[in-house]
Protein chains: 2
Amino acid sequence: MDQVATKRSGRASNGRDRRTRKAATSEADLGALQGFIGFNLRLAQDVSFRAFARQTGQRGLRPGRFAAMMVLRDNPGITQSALGRAIARDKSTVTPLLQDLQRRGLVKRHPSRTDRRSVTLTLTEAGEAALRELVRHARAHDQRLDDIVGDAKAGFLALLRRIADDFG
Amino acid sequence: MDQVATKRSGRASNGRDRRTRKAATSEADLGALQGFIGFNLRLAQDVSFRAFARQTGQRGLRPGRFAAMMVLRDNPGITQSALGRAIARDKSTVTPLLQDLQRRGLVKRHPSRTDRRSVTLTLTEAGEAALRELVRHARAHDQRLDDIVGDAKAGFLALLRRIADDFG
DNA sequence: AGCAATTAGTTTGAACTCAAACCTTATCGC
DNA sequence: GCGATAAGGTTTGAGTTCAAACTAATTGCT
């Protein structure tokens, strides 16, 4: 149960030394793929996303909704566009997301007084309550990640942020 | 251009100290969200994915196809299920993915001789050629990630793999 | 051998996402 | 002011993805 992974870091898998990191149950050789940061990023994100969804999924509020509601809580009156930028989602994704949250009674949308194009967003009481509950799950979930990352967390987060910021 | 991010790590954002990490252009406060590993994982993956797609996207071969073709190249004769497990995609996702690659003439599928349920997969010559080209782009792309991660790469990859593996 | 449980692959339905086109409203330059 | 340009939101279309239901074939158990 102690990770085959980190064992190999030395030898550059040039594609000829097969059978390197296969899972416990004889599976495919990932070859050079396992050296790509991008690929491993996807795998990790994928697993994390799914685990979060499992923990909170019954309510149908998955990571995307969670992130949106967090931003809404901390920035009451924000507009859809700004929300989209904050959570890195296209505005055309944000529209139906908010329609859903509004339909569930978790979010209120009123026209902005200063700009007739835009909508200002706030969580309802129910939204705040739902978010509090959600935060409990999210914390538990992220605690698992914290446990894996251990004291490397600060550096790990810094690298993730750097990737997110520098790939403009 | 030197990351506002890591600056705040000390104070636990309990939701009352607003305006902490907003981007250069007065934007939303991410609040507690920025402390979540899961959220930052998504942002980084997102940006990386999109950058890859931009570099190779004209050909329509995005990261998903790239990963599949890499596994195919290193594991000729593999079955769809095994491929799916290798790249962490559901078998119902793999089916249309391969139909597309086959339609493009990059992959051959023949019935397995030993198991009449399964299909064995191999890259065609065109597939190998396309992949070689793709690898060039992928390497350039991952080099950018390498540059960002620097000498922390080994540890960074180890953490990503640990996350992917331990969240079963 | 024979029946149950598993596995390979496909199909279908729902969710999420982006990009592009579009309308409305603001802002900028002159 | 006025026209061009930009920005906020919505709609539409296409691409990915998973999960569940289903068929066909294989394995396991007795």
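Residues numbered from 1 in each chain as written. Chains lettered and ligands numbered in written order. Predicted model: local features only at pLDDT ≥ 70, side-chain atom pairs only at ≥ 80, totals over all residues.

Here the focus is the interface of chain A and chain B. In this complex, chain A contributes 61 residues to the contact, which on the side of chain B involves 61 residues. Of all the secondary-structure elements, those providing two or more residues to the side of chain A that touches chain B are helix 1 (37-56), helix 2 (63-74), helix 3 (80-87), helix 5 (125-149) and helix 6 (153-166) of chain A. The residue inventory of the side of chain A that touches chain B, partitioned by class, reads 37 nonpolar, 12 polar and 12 charged. (Contact = placed C-beta atoms within 7 Å. Helix = DSSP H or I, 4+ residues; strand = E, 2+ residues; numbered from the N terminus. Nonpolar A, V, L, I, M, F, W, Y, C, P; charged D, E, K, R; others polar.)

Residue and element names in this part refer to chain B. Reading across the sheet, the 3 strands line up as 1-3-2 and stay open at both edges, with antiparallel pairing between neighbours. In this open sheet, the two strands that pair with only one neighbour each are strand 1 (78-79) and strand 2 (107-111). Relative to strand 3 (residues 119-123), strand 1 is paired through 2 bridges, and the arrangement is antiparallel. Residue threonine 79 lies in a different strand from strand 3, and its bridge partner there is threonine 120. Set on the sheet, helix 2 (residues 63-74) makes contact with strand 1, strand 2 and strand 3; between it and strand 3 the angle comes to about 100°. (Pairing = 2+ DSSP bridges. Axes fitted to C-alpha atoms, helices over the stretch in contact; angles between N-to-C directions.)

Taking 1.5 Å per residue, 25 residues should reach 36 Å; helix 5 of chain A reaches 35 Å between its end C-alpha atoms and fits that length. Turning to helix 5 of chain A, its buried residues are Gly127, Ala130, Leu131, Leu134, Ala138, His141, Leu145 and Ile148 of chain A. Next to the buried residues of helix 5 of chain A lie helix 1, helix 2, strand 2 (107-111) and strand 3 (119-123) of chain A together with helix 1 (37-56) and helix 6 (153-166) of chain B. Downstream of helix 5 of chain A by a residue or two, glycine 150 of chain A has a phi angle that is positive, lying close to 65°. (Expected span 1.5 Å × (residues − 1). Buried ≥ 20, exposed ≤ 12 C-beta atoms within 10 Å, placed from the backbone.)

For DNA strand D, the set of nearby residues contains 21 residues, the closest of which are Gln80, Ser92 and Ser118 of chain A together with Ser92 and Thr93 of chain B. Listed by contribution, the elements that provide at least two residues to the surface near DNA strand D are helix 3 and helix 4 (91-103) of chain A together with helix 4 (91-103) of chain B. With 4 residues, helix 4 of chain B is the single largest residue contributor to the surface near DNA strand D. When its residues are assigned to classes, the surface near DNA strand D shows 3 nonpolar, 9 polar and 9 charged. (Near = placed C-beta within 6 Å.)

If you check the shell around DNA strand C, you find 20 residues, and the closest are Ser92 and Arg116 of chain A together with Gln80, Ser92 and Ser118 of chain B. It is helix 4 of chain A that contributes the most residues to the surface near DNA strand C, 4 residues altogether. Its residues placed into classes, the surface near DNA strand C shows 3 nonpolar, 9 polar and 8 charged.

This brings us to the sheet that holds strand 3 of chain A. Residues and elements named next belong to chain A. Judged by pairing direction, the sheet is antiparallel, and its 3 strands sit side by side in the order 1-3-2 without closing on themselves. Edge positions in the sheet fall to strand 1 (78-79) and strand 2, since each of these pairs with one other strand and no more. Those strands touched by helix 2 are strand 1, strand 2 and strand 3, and its axis lies near 100° from that of strand 3.

This part takes up the nonpolar core. Val71 and Leu83 of chain A together with Val71 and Leu83 of chain B are the most contacted members of the largest nonpolar core, which has 87 residues in total. Setting aside anything within four residues of it in sequence, one finds leucine 83 of chain B in contact with Ala28 of chain A together with Ala68, Val71, Leu72, Ile78, Val94 and Leu121 of chain B. (Core = buried A, V, L, I, M, F, W, Y, C linked by C-beta atoms within 7 Å.)

All names here are of chain A. Taking 1.5 Å of rise per residue, the 13 residues of helix 4 would be expected to cover 18 Å, and the 18 Å separating its terminal C-alpha atoms lies within 8% of that figure. Among all positions in helix 4, only Val94, Leu98 and Leu101 are buried. Taken down its axis, helix 4 places every buried residue within 60° of arc, on the same side. Those residues of helix 4 that are exposed and angled more than 90 degrees off the buried face are Ser92, Pro96, Gln99 and Arg103. Residues of helix 4 that are buried sit in contact with helix 2, helix 3, strand 2 and strand 3. (Arc of directions from axis to C-beta.)

In this section: the relation of the copies chain A and chain B. Taken as rigid bodies, chain A and chain B are interconverted by a rotation of 180° and an axial shift of 0.0 Å, the fit giving an RMSD of 0.1 Å. In the structure described here, the two chain copies are related by an operation that fits a two-fold rotation axis. Most of the interface of chain A is mirrored in chain B, where 100% of its interface residues are also at the interface. (Least-squares fit on C-alpha atoms with pLDDT ≥ 70 in both.)

The subject of this paragraph is the confidence of the model for chain A. Mean pLDDT over chain A stands at 84; residues scoring 70 or higher make up 82%. Taken as a whole, residues 1-25 of chain A scores under 50 in pLDDT and shows 28 contacts with residues more than four places along the chain or in a different chain. (pLDDT = per-residue confidence, 0-100.)

Residue and element names in this part refer to chain A. Look at alanine 88: it is not a glycine, yet its phi comes out positive at around 60°. The residue alanine 88 is located in the loop between helix 3 and helix 4 in this model. A count of 15 C-beta atoms within 10 Å places alanine 88 in the partly exposed class.

A few words on the pairing of strand 3 of chain A. Of the strand pairs in this sheet, strand 2 of chain A and strand 3 of chain A are connected by 5 bridges, and their pairing is antiparallel. Considered in strand 3 of chain A, the bridge of valine 107 of chain A is made with leucine 123 of chain A.

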